[in-house]
4 protein chains.
Amino acid sequence: MGSKRKGILERLDAGEVVVGDGGYVMQLERRGYVKAGHWTPEAAVEHPEAVRQLHREFLRAGANVIQTFTFYCSEDKLEISGNVKGITGAQINEAACDMAREVANEGAALVAGGVSQTPCYVKSHSEPEVKAIFKKQMDNFMKKDIDFFIAEFFEHVEEAVWAVEVLKTSGKTIGATLCISPHGDMDAVPPGECAVRLVKAGADIVGINCHLDPLTCIRTVKLMKAGLDKAGLKAHLMIQPLGFHTPECNLGGYVSLPEFPFALETRAMTRWDMQKYAREAYNAGIRYIGGCCGFEAYHIRAIAEELAAERGFLPPASEKHGLWGAALEMHTKPWVRARARREYWENLLPASGRPKCPSMATPADE
Amino acid sequence: MGSKRKGILERLDAGEVVVGDGGYVMQLERRGYVKAGHWTPEAAVEHPEAVRQLHREFLRAGANVIQTFTFYCSEDKLEISGNVKGITGAQINEAACDMAREVANEGAALVAGGVSQTPCYVKSHSEPEVKAIFKKQMDNFMKKDIDFFIAEFFEHVEEAVWAVEVLKTSGKTIGATLCISPHGDMDAVPPGECAVRLVKAGADIVGINCHLDPLTCIRTVKLMKAGLDKAGLKAHLMIQPLGFHTPECNLGGYVSLPEFPFALETRAMTRWDMQKYAREAYNAGIRYIGGCCGFEAYHIRAIAEELAAERGFLPPASEKHGLWGAALEMHTKPWVRARARREYWENLLPASGRPKCPSMATPADE
Amino acid sequence: MGSKRKGILERLDAGEVVVGDGGYVMQLERRGYVKAGHWTPEAAVEHPEAVRQLHREFLRAGANVIQTFTFYCSEDKLEISGNVKGITGAQINEAACDMAREVANEGAALVAGGVSQTPCYVKSHSEPEVKAIFKKQMDNFMKKDIDFFIAEFFEHVEEAVWAVEVLKTSGKTIGATLCISPHGDMDAVPPGECAVRLVKAGADIVGINCHLDPLTCIRTVKLMKAGLDKAGLKAHLMIQPLGFHTPECNLGGYVSLPEFPFALETRAMTRWDMQKYAREAYNAGIRYIGGCCGFEAYHIRAIAEELAAERGFLPPASEKHGLWGAALEMHTKPWVRARARREYWENLLPASGRPKCPSMATPADE
Amino acid sequence: MGSKRKGILERLDAGEVVVGDGGYVMQLERRGYVKAGHWTPEAAVEHPEAVRQLHREFLRAGANVIQTFTFYCSEDKLEISGNVKGITGAQINEAACDMAREVANEGAALVAGGVSQTPCYVKSHSEPEVKAIFKKQMDNFMKKDIDFFIAEFFEHVEEAVWAVEVLKTSGKTIGATLCISPHGDMDAVPPGECAVRLVKAGADIVGINCHLDPLTCIRTVKLMKAGLDKAGLKAHLMIQPLGFHTPECNLGGYVSLPEFPFALETRAMTRWDMQKYAREAYNAGIRYIGGCCGFEAYHIRAIAEELAAERGFLPPASEKHGLWGAALEMHTKPWVRARARREYWENLLPASGRPKCPSMATPADE
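Residues numbered from 1 in each chain as written. Chains lettered and ligands numbered in written order. Predicted model: local features only at pLDDT ≥ 70, side-chain atom pairs only at ≥ 80, totals over all residues. Heavy atoms only, no water.

### Quick look at the overall build of chain A
Note the following rule: Only DSSP runs of H or I covering at least 4 residues are called helices, and only runs of E covering at least 2 are called strands; the numbering of each starts at the N terminus. Restricting the calculation to C-alpha atoms gives the radius of gyration, and the globule rule supplies 2.2 Å times the number of residues raised to the power 0.38. Burial here depends on accessible area, computed with a 1.4 Å probe over protein chains only, as a share of the maximum for the residue type. Under 20% is buried, over 50% is exposed, and the range in between is partly exposed. The method behind every accessible area is Shrake-Rupley, applied with a 1.4 Å probe, and residues are considered shielded solely by the protein chains displayed.
Along the backbone of chain A there are 16 helices and eight strands. Relative to the globule expectation of 21 Å for 366 residues, the C-alpha radius of gyration of chain A, 20 Å, shows essentially globular dimensions. Along the three orthogonal principal directions, the C-alpha set of chain A runs to about 65 × 50 × 50 Å. Across the 366 residues in chain A, those meeting the buried criterion constitute 67%. For chain A, the exposed area adds up to about 11,900 Å²; of that, 52% sits on carbon and sulfur atoms.

### A closer look at unusual backbone geometry
That bond from A:F260 to A:P261 is cis: its omega, -5 degrees, falls within 30 degrees of zero. Here A:P261 shows up in the loop between β7 (236-240) and α12 (271-283). With a phi angle near 55 degrees, B:W39 is a residue other than glycine that sits in the positive phi range. Of note, B:W39 is situated in the loop between α2 (25-31) and α3 (43-46). When its relative accessible area of 9% is taken as the criterion, B:W39 is described as buried. For D:F153, which is not a glycine, the phi torsion comes out positive at approximately 65 degrees.

### A look at the relation of the copies chain B and chain A
Turning one copy of the chain about an axis and sliding it along that axis gives the other copy, so a rotation and a shift relate them. We apply this condition: Least-squares fitting of one copy onto the other uses the C-alpha atoms of those residues that reach a pLDDT of at least 70 in both copies. Residue contacts are defined here by distance: any two heavy atoms, one from each residue, within 4.5 Å place the two residues in contact.
Placing chain B over chain A gives an RMSD of 0.0 Å and needs a rotation angle of 180 degrees, together with 0.0 Å of translation along the axis. Taken together, the rotation angle and the small translation identify this as a two-fold axis. For chain B, the residue whose C-alpha comes nearest the rotation axis is B:T266, separated from it by 1.9 Å. A high fraction, 100%, of the interface residues of chain B reappear at the interface in chain A, so the copies pair face to face through one surface.

### Some words on the packing of helix α9 (residues 157-168) of chain A against helix α10 (residues 191-201) of chain A
All names here are of chain A. Selection rule: Each axis is a line fitted through C-alpha atoms, and for a helix only the stretch in contact is used; angles between axes span 0 to 180 degrees, taken between their N-to-C directions. Should an angle fall under 35 degrees it is taken as roughly parallel, and over 145 as roughly antiparallel, whereas 65 to 115 is taken as roughly perpendicular and any remaining angle as oblique. For any pair of crossing helices, the crossing counts as left-handed if the nearer helix is rotated counterclockwise from the farther one by less than a right angle, and right-handed if it is rotated clockwise.
Remark: α9 packs on α10, axes separated minimally by 8 Å, with the N-to-C direction vectors making an angle of 20 degrees. Considering their axes alone, α9 and α10 lie roughly parallel with respect to each other. Read as a crossing pair, α9 and α10 show a hand that is right-handed. Residue-level contacts link V157, A160, V161, V164, E165 and K168 of α9 to C194, R197, L198 and A201 of α10.

### Some details on helix α6 (residues 89-104) of chain C
What counts is decided by this rule: Helix span is expected to be 1.5 Å times the residue number reduced by one.
The first and last C-alpha atoms of α6(C) sit 22 Å apart over 16 residues, in line with the 22 Å expected at 1.5 Å per residue. Buried residues belonging to α6(C) abut α3 (43-46), α4 (48-61), β2 (65-67), α5 (75-81), β3 (110-116) and α8 (127-142) of chain C.

### Things to note about the interface of chain B and chain A
Rules: Two parts placed together each lose some accessible area; with a 1.4 Å probe, that loss summed over both constitutes the buried area. Take a side-chain nitrogen of Lys or Arg and a carboxyl oxygen of Asp or Glu: if they are within 4 Å of each other, that pair is a salt bridge. We call Asp, Glu, Lys and Arg charged. Ala, Val, Leu, Ile, Met, Phe, Trp, Tyr, Cys and Pro are nonpolar, and the rest, Gly among them, are polar.
Of the residues lining the interface, 79 residues belong to chain B; the matching set on chain A comes to 79 residues. Between chain B and chain A, the buried area comes to about 6,700 Å², and carbon and sulfur atoms account for 54% of it. On the chain B side of the interface with chain A, the three residues burying the most area are B:F262, B:K320 and B:A351, jointly 11% of the side's total. One can count 12 salt bridges joining chain B with chain A. Where A:E29 meets B:R271, a salt bridge forms, and the shortest distance between an N and an O atom there is 2.8 Å. Secondary structure elements with two or more residues in the side of chain B that touches chain A: α2, α4 (48-61), α12 (271-283), α13 (297-306), α15 (334-337) and α16 (342-347) of chain B. Looking at the side of chain B that touches chain A, the element that brings in the most residues is α4(B), giving six residues. By residue class, the composition of the side of chain B that touches chain A is 36 nonpolar, 18 polar and 25 charged.

### With respect to the packing of helix α10 (residues 191-201) of chain D against helix α11 (residues 214-231) of chain D
All names here are of chain D. Axis separation between α10 and α11 bottoms out at 7 Å; the angle between their running directions is 60 degrees. Between α10 and α11, the crossing angle belongs to the class labelled oblique. In terms of crossing hand, the pair formed by α10 and α11 is right-handed. Residue-level contacts link P191, G192, A195, V196, L198 and V199 of α10 to T220, L223, M224, G227, L228 and A231 of α11. Of the residues in the contact of α10 with α11, the class split is nine nonpolar, three polar and no charged.

### Description of the side chain of C:E259
Heads up, the condition is: Throughout this description, a polar contact denotes any pair of N or O atoms lying within 3.5 Å of each other; where both atoms belong to protein, one of them has to be capable of donating a hydrogen while the other can accept it, and for residues adjacent in sequence the pair is counted only when both atoms sit in side chains.
In this fold, C:E259 is placed in the loop between β7 (236-240) and α12 (271-283). Within the structure, C:E259 has its side chain in polar contact with the side chain of C:R267 (distance 3.2 Å). Filtering out sequence-adjacent residues up to four positions away, C:E259 remains in contact with C:L264, C:R267, C:A361, D:Y344, D:W345, D:L348, D:L349, D:P350 and D:A351.

### Observations concerning the UniProt feature "domain: Hcy-binding" (unreviewed entry) in chain A
Our working definition: UniProt positions are given in the numbering used here, feature names are shortened, and annotations may be inferred rather than shown by experiment.
Following the UniProt record, the feature "domain: Hcy-binding" (unreviewed entry) maps to residues 6-307 of chain A here. Structurally, residues 6-307 of chain A comprises 46% helix and 12% strand, and the distance from its first C-alpha atom to its last is 20 Å.

### Comments concerning the packing of aromatic side chains
The way to describe two aromatic rings as a pair is by their centre distance and the angle between their planes. Inclusion rule: Between 30 and 60 degrees the pair is tilted, below 30 it is stacked and above 60 it is edge-to-face, where a pair is any two Phe, Tyr or Trp rings, Trp via its six-membered ring, whose centres lie within 6.5 Å. Two limits define a charge over a ring: the Lys NZ or Arg CZ must be within 6 Å of the ring centre, and within 35 degrees of the ring normal.
In the structure shown here, the tally under the stated rule is 64 aromatic pairs over all chains. Centre to centre, the rings of C:Y344 and C:W345 are 4.8 Å apart; their planes meet at 85 degrees, and the pair counts as edge-to-face. This pair shows no difference in class: C:Y344 is buried, exactly as C:W345 is. Of the aromatic side chains, those joined through ring pairs into one cluster are A:F262, B:W272, B:W324, B:Y344 and B:W345. The ring of A:Y282 has A:R287 lying over it, and the distance from NZ or CZ to the ring centre is 3.7 Å.

### A word on the sheet that holds strand β6 (residues 205-209) of chain C
Residues and elements named next belong to chain C. We count it as follows: Pairing between strands is defined by DSSP: at least two bridges between the two strands are required.
The strand order across the open sheet formed by eight strands is β1-β8-β7-β6-β5-β4-β3-β2, and the pairing between neighbours is parallel. Of all the strands in the sheet, the pair left with one neighbour each is β1 (18-19) and β2. Direction of pairing for strand β4 (residues 148-154) relative to strand β5 (residues 173-178): parallel, over a ladder of five bridges. For A151, the partnering residue across the bridge sits in β5 and is A176.

### Topic: the pairing of strand β4 (residues 148-154) of chain D
Two faces belong to every sheet, and in a regular strand the side chains alternate between them. Residue and element names in this part refer to chain D. Note the cut-off: For crossovers, right-handed means that the path from the first strand over the helix to the second runs clockwise, given strands pointing away from the viewer.
Among the seven residues in β4, seven count as buried, and that is most of the element. In this sheet, β4 lies alongside strand β3 (residues 110-116) in parallel orientation, the contact comprising five bridges. Bridge pairing in β4 places G113 opposite F149. With helix α9 (residues 157-168) bridging β4 and the parallel strand β5 (residues 173-178), this β-α-β connection has right-handed handedness.

### Some points on the environment of B:L215
All names here are of chain B. Take L215: it is sitting in helix α11 (residues 214-231). Sequence-wise, L215 and P182 are 33 residues apart; in three dimensions their C-alpha atoms are separated by 11 Å. When sequence neighbours within four positions are dropped, the list of residues in contact with L215 reads K276, Y277 and E280.

### A look at the UniProt feature "binding site: Zn(2+)" (unreviewed entry) in chain A
Residue and element names in this part refer to chain A. Per the UniProt record, the feature "binding site: Zn(2+)" (unreviewed entry) sits at C210, C292 and C293. Spatial clustering of the annotated residues is evident: they stretch over 84 residues in sequence, but the largest pairwise C-alpha distance comes to 6.4 Å. For C210, the position within the fold is in the loop between β6 (205-209) and α11 (214-231). Exposure remark for C210: the relative accessible area of 2% places this residue in the buried category. Here C210 is in contact with F153, C179, C217, Q240, P241, L242, Y254, C292 and C293, once residues within four sequence places are set aside. Inspection of the secondary structure assignment puts C292 in the loop between β8 (288-289) and α13 (297-306). Overall, the relative accessible area of 12% leaves C292 in the buried class. If sequence neighbours within four positions are ignored, C292 has contacts with G22, G23, N209, C210, Q240 and P241.

### Section: the side chain of C:R31
Residue and element names in this part refer to chain C. Among the secondary structure elements, R31 is positioned in helix α2 (residues 25-31). Exposure remark for R31: the relative accessible area of 3% places this residue in the buried category. Among the polar contacts made by the side chain of R31, one reaches the side chain of E57 at a distance of 2.8 Å.

Right, here's the structure in full:
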């Protein structure tokens, strides 16, 4: 990639806000290209136009980073899934890198190579075996032009540490995120301690992704930061939470909700929820702010709009969006015109339209 | 287009189920290409790749018809909107036709040219002026290769009748849908009477689109059918409702809801809601079954899956979808595996995750 | 009883508002004196102090009528119930009359002898047998000092007609209420037709009690009135609805709700709901306005307060109640003081405090 | 009082469950005898029959203690309230003692003299002035036949300590409860520390009353117990929580809820909620288990029924109550008969019947 573009650490070190991209697998499931259950990313090879379009939507919404569509793209996971015939993991990883680079180059974005938890870890707990899987993926990525790595969606900090240790050998910058709650990882390691271990393993940016809603994830990142502070360590903070309200979730996150994964609609956050999230994440000192499952392009745009003053510009997609509903000013109905203001949307409590549905569910792991 | 393909009337006359496509403007607003408020379709020229991708998703989900992305594409509306610079309505209409044709040809789909309500009608009530606008749009379409017309989203049956009378001169088949409630159109003409007028004007297929939720729209179509029966008239029935729950809506439909248009997330229907809808629409004798705002590709896929036995095949996108959650059978968590069955999803009442939000709102037109 | 007191017809003929009393059996169940299921009134003999106190509360709240605590007090029902040992129905009926008279005399209230549906009707459909049961009860009442009769809680208008025909022989004024929905009685006789039959049988006052919430019952009474108007008949109108919200109920009323009878708390109406009810009942031309199950003394007080201007006075219990929250004016917390006004309470949508509970249930008879 | 009756400490020392009574002021407000806002107890003199009846209901429901109806009955509060004309605080206190004794003697119950927070404390913070007020009340009580004292409803542990210090001079057993949340008292003294101070001041029984719902209050009592354990102190534990769901409350408790005090209906707990509460309180080691505002007789009965095995008997009011809905077994509707079992009621999530009302509110002190 061109030398003109500032790297991720340069940006974060300079105090810039880095807007991440949104979620791929759930959105592509809805669009018809990913199969729920194993959520593997073979669409990068099978339907590149669909993946490319989603990358572009996030770029246009203001994302500074395009993450390769390589979620769960380890050889062991692909094999277990049964979703992929006649394509290798290497092919997917490489195609995904090329596509992310192509779209990133249409803007000023960076490409992050993504690596996630492996079935091998839970099955074997073997450090050499798990590390070999990460090494293989890393080698795929290193053949291509990526800017940095994100090791994400780890429920066990131990596995994340192994991933970081492997990726660190590449010489690239490493972001590492866990999909854990404020209660800690699946082995009850508290968030502060998780952060310390990740930074000691070599992560430059640490944080949380997926499994829980934005405000909960911010709480967890704050605990990570407190742990780092206490240990006298420094790292940048990142966050890529769910785009769903999950106030009742415990350790297991939204996987334990009765609605997972095919009835989460009613929990989806509005753009206004996202502006609140972006502000609170910023106030918590987090500077890499993006999303995971449930985050669509307009949610990313909302982050970029909320932080427009801090960043100094609006994203391209704001051409097609009036801030705080401004585009309703000319509506023919007076009551819709009355919605063209911040106060209206900030205070609205949207009704579900579902009189027989409750507000909260009982998670399976309660 | 090729002579091999059966026309819309051939299909409906033969008793086939025709699956329509979903909603464009709201989905493209979220993706960053359409501006809420005026909802004009300039993206057909400005960002064709985004429109093309959405067409493809609907095709892959099972749609038999690709509707041109020409909503609100009359000269008067484009001018009022202020959204479009340096592009003519004709350019948009023609680009949209080409793109719909291109994607339709990738499957066995038909192309429907779409025409909708005009600001001119409410402003002038002048039959010659309004008809001149429809004529202009029709002329754009007739330069291109479309299979039939859909005149849709009319709040006043009178304007719809004028549209049908113009389009009828093309010699093409005409579908006509109103965005009205069971209470009738904005002039209080009951649905049965509306249907009679549309058929007498020349519509071959009549029904309802947008503004209200599926079950409410089915009720309205039933009233239309009853009106036709009583008048001794025959027509095919079509339905393209909202993909949102709107049980409390009145005449004005969802535009009157406090959540319109930027906080409708929590009202979004699940794929299972859509299977129920498809079945009830089918049972009501409706054979052209699609969606409007809020209908994403996976909602269309749900229609196609629900009616797979009647149609004799599954859509391409079902490769990436286990029926009734079947793909969860191999999940690592036992409680998620337990969701791999129809009974679970059919009976689930999804929680909103929003304890401070009510179930129903007070529409502005109550 | 004193000759000074105006009779029920005198009052209604003069256009006065007559405030009824509230519900006995459910309230006394909660207080520990009535057994849910058969709801028989043996407490009139077993625990007269408890019944007397409840009478007094209603009197103090503004009731112009004290109804004898003789619900379900027919010999056949008492026997089936198994609740009553060593006491006859006659004993209960007579004790109840004495007690109602005693309390009524403490104010300006009238005593209404209450008669309700019999198991015999459903079992036998025998007019002579059912009428014999009503005759026996009437004879008990006629030994005592009552002012008029109320035949209430009939699901079948036919049985109510039989009751009216029997009671009419007493020469007393007769009120007759059905516990039916706007859809009609259990034999699908519409409310208008029911009213006509009751008036033709001799009822002076007709209306609705129990089974459905106030606004629904007002709709039913309006249908009764329309039926009488159409038939050229005249009668006074009365209403004694549930004190519970039951928007989803059908023919069977609240008995079909999953919460019946031991989890109805969350459906209980506030005093402000009751003021709205009293106003709407009044506007509908109903002049005998009371309550049934779920109506406590403060609900009756709310009726009396809402209609204070029309009646010309406040009830005694208003000494201990600031209108529209006025007594909060001196509260130590400023936010509680801010609630000392009508607008606040009129617009409040009270939260349930139950995040896992939905807004509506599915009635068993849906 | 008779020597035959075991004292409160004898019972608690022997490990017995002591069932407390329920709430007086809110229930008597609804019945028409107490004025909301200042909630003073002049009804003890003005309407003794109403207070006596409520005492009897609690006794019949299983209460082992009848608390004197002397809430807020300090001279300074009575004066501020403006509710009381021509009656002294001494008269109320003494009448209340006589009445409590009269009813307690109808069963095996004890009489507890109740003392609560004073306006003087917040106004003056003067230990001598506040103590003089408590001394005066105590002197009233000591003229009468009471078994022990309860100092309750204190928001500041300091004032509670002063009350205990005064009451201790009587030589009677002292129970002391605070109306605080798990976050501590209004001066941020944590519950554990509060408990320690109360026991050091001489309280024999400590715990929580009012302001928050049962499960929250149990959490607070557990924190009190932990504080005592840590300090090596011993005391019996008591609890008299609200009968309303208040999951969203903070320091200020339900006074901060928008529904306080005239729209709390929908938050009212069912008898089944109370059985769960009684079990959890028992499991937490609490042996004095009663209720406060919102607790009606049937809620107390539910405590007595849940703990019937531990206590060895059912309360008198259970004559009129089938355990777990057993009395529905003979209902005419099969779907009601199906509710005659524990599992049904234990798992029911009652609907609110209010589609426009949310599940949770925003407390004013959030």
